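Listed below, chain by chain, are the residues.
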Amino acid sequence: MKPFYYTDHLKEVLTVWKALEQAKHVDGQLLQKLIKRSPLSNQTLLSKTDLITAYKQLAGTHGLKPYNEALVKKIMMKPTRTISGVAPVTVLTKPFPCPGKCIFCPNDIRMPKSYMSDEPGAQRAERNYFDPYLQTYNRLNALSVMGHPVDKVELIILGGTWSYYPESYQIWFIKECFRALNEFGFRDDRTKVRSYYRQKQHEFEAREQLYLTDDPKENAKRFEKLQVHGEELTKRYNQVVSEVYTAPERKLGLDRYQSATWDELTAQQKINETGEVRNVGLVIETRPDNISKEEVIRVRKLGCTKTQIGVQSLQDSVLAKNHRGHDVAATRHAFKLLRQAGFKIHAHWMANLYGSDPALDKKDYELLFSDPDFHPDELKIYPCSLIESAELMQYYQAGKWQPYTHQQLLDVLSHVLLATSPYCRLTRVIRDIPSTDIVVGNKKTNFRQIAEAHLEKLGQHSHDIRAREIRGEKFDPKYIKLKTVTYQTSVAEEQFLQYVVPTARGEKLLAFLRLSLPKQPGFIDELKGSAIIREVHVYGPALKIGAKAKKHAQHLGLGTRLMAEAKKRARKQGFKRLSVISAIGTREYYRKKGFSDGQLYQHMGL
Ligand code: SF4
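A quick note: this is a predicted structure, and the numbers were derived from the prediction, not measured.

Draft legend 1. Representation of the sheet that holds strand S1 (residues 87-92) within the structure. In spatial order, the strands read S1-S2-S3-S4-S5-S6-S7; together these seven strands make up an open sheet with parallel pairing. Strands at the two margins of the open sheet, each flanked by one partner only, are S1 and strand S7 (425-428). Neighbour-to-neighbour, the strand axes of the sheet open up by a mean angle of 25°, direction not taken into account. Taken together, the three bridges between strand S6 (residues 378-383) and S7 define a ladder with parallel strand orientation. Looking at S7, one finds that Leu379 is bridged to Leu426. Its contacts with the sheet put helix H14 (residues 328-340) on strand S4 (306-312) and strand S5 (344-351), and the angle it makes with S4 is roughly 165°. Sitting on the sheet, helix H15 (residues 358-370) is in contact with S4, S5, S6 and S7, with an inclination near 170° to S5.

Below is the structure:
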């Protein structure tokens, strides 16, 4: 049985901490040196978060001195992770079949589809047995150990195609995430995790024995044998995963541990409404062809406020060549339904797909913002990387697909940065894949900075949300002003209300609100006749409620002012009601603002 928690890399952790304890001068540089000097057996390196979390448990034991807060502070990260005001907690679902057959998608059977076992987030998930409670609880602990407030949490659930997992698994997964938030409180109480682990030990062991032995080398060999490779796709990911995990789990009745009822979920959601660690956003990822009216209502009931959706391309020919299994019409339909239901839409788009070229990519990307059926709120850009386990390997070897050169990629990504509308947030411009996994093509994960520097030389820059976020920049509140970007989609007029302020680094964004003014009634009865607030976001480090924060956006009442403005505008356009797609942990906030609970949304008369 794998030892529980951070004793996994005990030798390396102890080596680094003992050296830190003895050093005369401790800083980030020394830490990096020590980390590099103690590589892990899987060729990766310890992360700072892991080191600090492990130290919290191990200080005073194994030859380490008692816990030294000052030492921890010296190596803590700057709080960029929560600079947008909310602590993100990413959790992965278990390996499971996916309906997609996309040729660019990795086939790592240790992971849910499309993830690779040496990505840091994926490793965290694996270390926690893909268990939602352990992943959430331990991530909260890691963030809080690093000094980040965690009273407002966005839960990001990644892995394969969410809608394809059994409903009972989905309910259980989210219920367990909520339970971890509810039980975490402000101080990590390891006894809760340990007692949970003891309860589940039998199940974890049974699961592991399905495919693991006590010998890591033997395990590596077994997986290597099972691994699906692009050049010889004798078995596909879905088939192997079904054989290795899904069928035996069912046969042994282990799936009963990963199942919950709607009532059990609702009970945890209710606790979270007034809990100490509140859920202020919940994200799932799925495919456009899995979105239907029923599915939208169902994920809303789970507490979801945002969907990550794989668009990849807006060319039917490119989608077909890459075996996406859906067309552009499906993407149009999905966007329409999600927008009518007030969801935030976080799209994934890919450059350098088989069948595309730089000129077509640039044209395709522009469509995202010029075609009224799209207009995503957030975007992840993934230029296609060649991963050995992907089917694309065969195309590469046959000379049918080539990665873009540095110059071609720079050209496309610079265009992407400039063509993004100011109401959209580019959360990623390159997928953070370990370079050892990339067979050919770009290995620079900082390509966004490269493209930004290139544009700066030309006197140009991106206007997307991320480029304009205030990020701890100093400003004078007397120069704050309200600016609106209005755009038309096929189902609504969207008003992006934003408070901006001049700073030494240009005009910066302090807060925004997405107001949707539907052109005709949608399919959700509860929203008929309503204008919809799809998102309110106020920037500033994730300050603890009540903490002093002069000149931080979160304490200038900008959220309240935006809401008053939204009411005024909706009323002016003839709406009699204003609705909000609130996250479970923001319901109480909206109640205090005068909204009352509906079934899936909250409402106020105008
Ligand atoms: S739908 Fe997504 S996860 Fe499934 S194969 Fe395609 S890219 Fe991979």
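Draft legend 2. Inspection of the packing of helix H7 (residues 167-184) against helix H11 (residues 262-273) at higher detail. Look at H7 against H11: their axes get within 9 Å of each other, and the N-to-C directions meet at 25°. In terms of orientation, H7 lies roughly parallel with respect to H11. Note on packing geometry: the crossing formed by H7 with H11 is left-handed. In this structure, H7 contributes Glu167, Ile171, Ile174, Lys175, Phe178, Arg179, Leu181 and Asn182 to the contact, and H11 contributes Trp262, Glu264, Leu265, Gln268, Gln269, Ile271 and Asn272. Here the residues of the contact of H7 with H11 are counted per class, giving seven nonpolar, four polar and four charged.

Draft legend 3. Local environment of the nonpolar core. Formed by 117 residues in total, the largest nonpolar core has its most connected members in Tyr365, Leu379, Leu413 and Ile533. Residues within four places of Leu413 in sequence aside, it is in contact with Ile381, Pro383, Val429, Ile430, Phe447 and Ala451.

Draft legend 4. View of the sheet that holds strand S9 (residues 492-503). Strand order in the open sheet formed by seven strands is S8-S9-S10-S11-S12-S14-S13, and the pairing between neighbours is mixed. The sheet terminates laterally at strand S8 (481-488) and strand S13 (596-597), the two strands that pair on one side only. Alignment of S9 against strand S10 (residues 506-518), held across twelve bridges, turns out to be antiparallel. Bridge pairing in S10 links Gln495 to Leu515. This element, helix H20 (residues 558-572), spans S8, S9, S10, strand S11 (530-538), strand S12 (577-580) and strand S14 (602-605) of the sheet and lies at about 40° to S10.

Draft legend 5. Spatial organisation of the confidence of the model for the chain. When pLDDT is averaged across the chain, the result is 87; 88% of the residues are at 70 or more. Every residue in residues 1-6 scores below 50 in pLDDT, and together they form 25 contacts with partners more than four places removed in sequence or on other chains. This stretch, residues 542-550, has a pLDDT under 50; its non-local contacts, to residues over four places away or in other chains, come to 17 contacts.

Draft legend 6. Examining the pairing of S10 more closely. Across the 13 residues that make up S10, a large majority, ten, are buried. Hairpin geometry of S9 and S10 is characterised by an intervening segment of two residues between the two adjacent antiparallel strands. Pairing of S10 with S11, which is carried by six bridges, proceeds in the antiparallel orientation. Each bridged residue has a counterpart across the sheet, and for Ser516 the counterpart in S11 is Ile532.

The rules behind each value
- Residues numbered from 1 in each chain as written.
- Predicted model: local features only at pLDDT ≥ 70, side-chain atom pairs only at ≥ 80, totals over all residues.
- Heavy atoms only, no water.
- Pairing = 2+ DSSP bridges.
- Helix = DSSP H or I, 4+ residues; strand = E, 2+ residues; numbered from the N terminus.
- Axes fitted to C-alpha atoms, helices over the stretch in contact; angles between N-to-C directions.
- Contact = heavy atoms within 4.5 Å.
- Parallel < 35°, antiparallel > 145°, perpendicular 65-115°, else oblique.
- Left-handed = near helix turned anticlockwise from the far one by under 90°.
- Nonpolar A, V, L, I, M, F, W, Y, C, P; charged D, E, K, R; others polar.
- Core = buried A, V, L, I, M, F, W, Y, C linked by side-chain atoms within 4.5 Å.
- Buried < 20%, exposed > 50% of the residue type's maximum accessible area, 1.4 Å probe, protein only.
- pLDDT = per-residue confidence, 0-100.

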